[in-house]
Amino acid sequence: MPAAKTQSRRTAMAAAAAGAAATTVVSGATGFAAPSLRPAAIAPSAAAGQAGKASSSTGSTNGVSAAVSAVGSAAALAAAVSSSSRKQQVRQGKSKLTRLATATATDVETECINAIRFLAVDAINKSKSGHPGAPMGQAPIGYLLMAEEMQYNPADPEWANRDRFVLSSGHGCMLQYSLLHLAGYKSVSMDDIKQFRQWGSKTPGHPENFETEGIEVTTGPLGMGISNAVGLAAAEAHLAAVYNKPDMTLIDHYTYTIAGDGCMQEGISHEACAYAGHLGLGKLIAFYDDNGITIDGHTDLSFTEDVGKRFEAYGWQVLTVTDGNTDVAAIRKAIEEAKACTDKPTLIKVKTIIGYGSPNKADSHDAHGAPLGAEEGEATRKQLGWKYGEFEVPQQVYDTFRKHAAAGAAKQAEWNKTWAAYQEKEPELAAQFKRAVLDRQLPDGWADALPKLTPDDKGKATRLHSQDCINAIASTLPEFIGGSADLAPSNMTLMKCTGDFLKGSYSERNMRFGIREFGMGAVANAISLDKTGLIPYCATFTIFSDYMRGAIRIAALSQAGTIFVTTHDSIAVGEDGPTHQPIETLPSLRLIPDLTVMRPADGNETAGAYKYAVERSKLHSRPTFMAFSRQALPNLPNSSIENVQKGAYEVVECANPTLILIGTGSEVSICVDAAKELESTGAKVRVVSMPSCEVFRDQPAIYKNALLPKHVPKMSVEAACTSGWGEFADAYV
């Protein structure tokens, strides 16, 4: 740190010390005592008295905040600390400001918080890799959520009415693993904690919902998690509006998320959080872990905006907790205020110290992305008064978390009684809720609603066929929900049987995402990962899928059943020119593992693509990317919903071909015309439509070899880069 900056911080601490009427600050319910402030390293002072409660400040608070509380004969005065400038904040790092646990009535609470911290420290030290700083600073928030606030049942991690939690700053995942372990989730044993970041463990380096029960979404790319939280909150709002009755509430839960400075800097957080404010999602509560540190160092190197004002502009309620390291009472009060605000999401800006408790690494990037090390871990134990060994957790800590988990199980038992009464009083809605939400199954014969065409039917753009399919599905499946990034009239994605999903009309299903492709993708992914049977789709031009590429990849990785609908899929986009022509887009999307790309050639193939995508979403929770044409295309011979399920099939049949033409989308009809020309010269040509390379790849070898014999020359035709076609063809156009 530059000498001038260090001196500035020390001057600020000296000024704060001079202005304080007492040398000891007793913080809220964590029971930590801070020594008097001096410009150099100070020895810890003994704690005295009971911990008082401090209030949270509302709005984007600048200037001085104070908390004064007295319990019995003991009095504590809070030191005034300016938060208007990073250079004037009292920090623990280089100044080595120390704090010790007190022997007050808050001992158990303190031990719970420190247990989280040291499970993180020990696991990361053992793995020789990880990010200890975030969980050490966020531990009080995590404690409050999992030991007091959230309703959950470790015995049933997918209970429909559980509260949702998303760790957007996913690199700090030892916070979440520690909480799951302490709360009694079987997915995270102490052995799993000890295997943090090891091959095959249930505690990978970032939270993965497909690996660890209790993890709602996969986070790691910063900003993705808080954007997912918006989707989870939107799902809650929709289901509550559809199913709740005045005397019977089935859906009533909160979505909590912790995000860091990196999340706030990523553009996706702007897209999704602006959308959340527009929707007025009052059950979304986000904690901003404002520790001022990223990998490069202090955030004032590159990040000086007022995040609170930004979120207020989005339409959020913004609260500030000035001491998130020790003042649990203030965080608790902020959560209470957040829940009292029902028409806005809430951002709770919590000032924390990264690596809190570490004498030499706190408040620095040294605590961000590397283990503290054995020596610093031991020093931190002494600093925080933690008398237990590595991976040792006192029984009273387990008892505290498990007691709250048991209360969550009791709440689920009460919910079960409500559900039983609901089935008697609302049999029709109850049957729908059971099928769509609880069992997550499709109704018998649902696909019968999809359109079927013949070659005699007039051809049209596959985006128009897509519109027909969307509306057929919407009328059959009430769990089908989605929309476009401000391109509904071009993407043809509006459902005619429902209205707009907006503030005050959450029961409707047309989502108006605005021009926010990346945020849209993350929101849609979370609607699927909510595990309440919703089938989300989101739409844009094929070329603009590049804006949400990160969300598409995470959908495939995290097993989200999002249906990505895109139109204007080739150079035939009209007069817009090369900026809108997706030349390389489809070949690159085919490289994403577990993503199915569909490019239908006509009406039947479009219907087949939707059948595949809906079943893949609902029954298997996997994503599908679909690309539809702007230009009109003829309906083809042999095309059918059934043939699409094979990935590729014969459009023009030929028993013993001398040449095979393979086309996708709009190029299949070109191949059909070319085959007619070639046949006039005596050539024997088979034309194969391949709407999905991925689906064809999964077919039995006997079918693949019969359709595309190795000894017959094959040529692929697609209006895109030819990358990847060497797997199926000998020549590429």
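Residues numbered from 1 in each chain as written. Predicted model: local features only at pLDDT ≥ 70, side-chain atom pairs only at ≥ 80, totals over all residues. Heavy atoms only, no water.

**Student:** Describe the overall build of the protein chain, with residues and values.
**Tutor:** Each helix and strand counted, the protein chain has 23 helices and 29 strands in total. Expressed as a percentage of its 733 residues, the buried residues of the protein chain come to 60%. Counting only contacts in the protein chain whose residues sit at least 6 apart along the sequence, the fraction spanning at least 24 positions is 77%. For the protein chain, the accessible surface area stands at approximately 26,800 Å², while carbon and sulfur atoms represent 52% of it. (Helix = DSSP H or I, 4+ residues; strand = E, 2+ residues; numbered from the N terminus. Buried < 20%, exposed > 50% of the residue type's maximum accessible area, 1.4 Å probe, protein only. Contact = heavy atoms within 4.5 Å. Areas by Shrake-Rupley, 256 points an atom, 1.4 Å probe, with all protein chains shown as cover.)

**Student:** Before we move on, can you summarise the pattern of salt bridges with the specific residues and values?
**Tutor:** A complete count under the given rule lists 30 salt bridges for this structure. Here Glu414 and Lys417 are joined by a salt bridge, their closest N and O atoms 3.4 Å apart. Of this pair, Glu414 and Lys417 both sit in helix H12 (residues 395-425), three residues apart, roughly one helical turn. Overall, Glu414 belongs to the partly exposed group, its relative accessible area being 47%. The exposed category is assigned to Lys417, whose relative accessible area is 56%. Here Glu479 makes a salt bridge to Lys618, at a shortest N to O gap of 3.0 Å. Of this pair, Glu479 sits in the loop between helix H14 (462-476) and strand S17 (480-484) while Lys618 is found in helix H19 (residues 603-620), placing the two residues 139 residues apart along the sequence. In this structure Glu479 comes out as buried when scored by relative accessible area, which is 3%. The class of Lys618 is buried, set by a relative accessible area of 7%. (Salt bridge = Lys/Arg side-chain N within 4 Å of Asp/Glu carboxyl O.)

**Student:** How would you summarise the packing of aromatic side chains if you had to cite specific residues and measurements?
**Tutor:** Any two aromatic rings considered together are summarised by their centre-to-centre distance and by the angle between their planes. For the coordinates displayed, the defined rule picks out 23 aromatic pairs. Taking the centre distance of 6.4 Å and the plane angle of 65° together, the rings of Phe696 and Tyr703 count as edge-to-face. You can call Phe696 buried: its relative accessible area is 2%. By relative accessible area, Tyr703 is classed as partly exposed at 23%. (Phe/Tyr/Trp six-rings, centres within 6.5 Å; stacked < 30°, edge-to-face > 60°.)

**Student:** Before we move on, could you go through the sheet that holds strand S25 (residues 649-652) and cite the residues and values that matter?
**Tutor:** The five strands are arranged S25-S27-S26-S28-S29 in an open sheet whose pairing can be described as mixed. The open sheet has two edge strands with one neighbour each: S25 and strand S29 (731-732). Alignment of strand S28 (residues 714-717) against S29, held across two bridges, turns out to be parallel. Along S29, the bridge assignment pairs Met715 with Ala731. (Pairing = 2+ DSSP bridges.)

**Student:** So what's going on with the pairing of strand S20 (residues 535-541)? Which residues, and what values?
**Tutor:** Across the seven residues that make up S20, a large majority, seven, are buried. In this sheet, S20 lies alongside S17 in parallel orientation, the contact comprising five bridges. Following the sheet pairing, Gly482 is matched in S20 by Tyr537. Pairing of S20 with strand S21 (residues 563-567) involves five bridges; the strand directions are parallel. By the bridge assignment for S21, Phe541 is matched with Thr567. The handedness of the S20 to S21 crossover, carried by helix H17 (residues 549-558), is right-handed. (Right-handed = clockwise from strand over helix to strand, strands pointing away.)

**Student:** Account for the sheet that holds strand S22 (residues 596-598), naming residues and giving values.
**Tutor:** The strand order across the open sheet built from seven strands is S18-S19-S17-S20-S21-S23-S22, with neighbouring strands paired in parallel fashion. Pairing within the sheet leaves two strands with one partner each, and these edge strands are strand S18 (500-501) and S22. Inspection of the sheet shows S18 paired to strand S19 (residues 510-512) by two bridges, in the parallel sense. Opposite Phe501, over in S19, you have Met511 as the bridge partner.

**Student:** Which residues make up the packing of helix H4 (residues 174-183) against H12, and what are the values?
**Tutor:** How two helices sit against one another is set out by the angle between their axes and by the gap between those axes. Where H4 meets H12, the closest approach of the two axes is 7 Å, and the angle between their N-to-C directions is 80°. Considering the angle they form, H4 stands roughly perpendicular to H12. Between H4 and H12, the contacting residues are Leu179, His181, Leu182 and Ala183 on the first element and Val397, Tyr398, Phe401, Arg402 and Ala405 on the second. (Axes fitted to C-alpha atoms, helices over the stretch in contact; angles between N-to-C directions. Parallel < 35°, antiparallel > 145°, perpendicular 65-115°, else oblique.)

**Student:** Outline the packing of helix H2 (residues 107-127) against helix H11 (residues 374-384), supporting the account with residue identities and numerical values.
**Tutor:** It is at 10 Å that the axes of H2 and H11 come closest, and there the two elements cross at 170°. Accordingly, the angle class assigned to the pair H2 and H11 is roughly antiparallel. Only Ala374, Gly377, Thr380, Arg381 and Leu384 of H11 make contact with H2, whose side of the interface consists of Asn114, Arg117, Phe118, Val121, Asp122 and Asn125. Residues of the contact of H2 with H11, tallied by class, amount to four nonpolar, four polar and three charged. (Nonpolar A, V, L, I, M, F, W, Y, C, P; charged D, E, K, R; others polar.)

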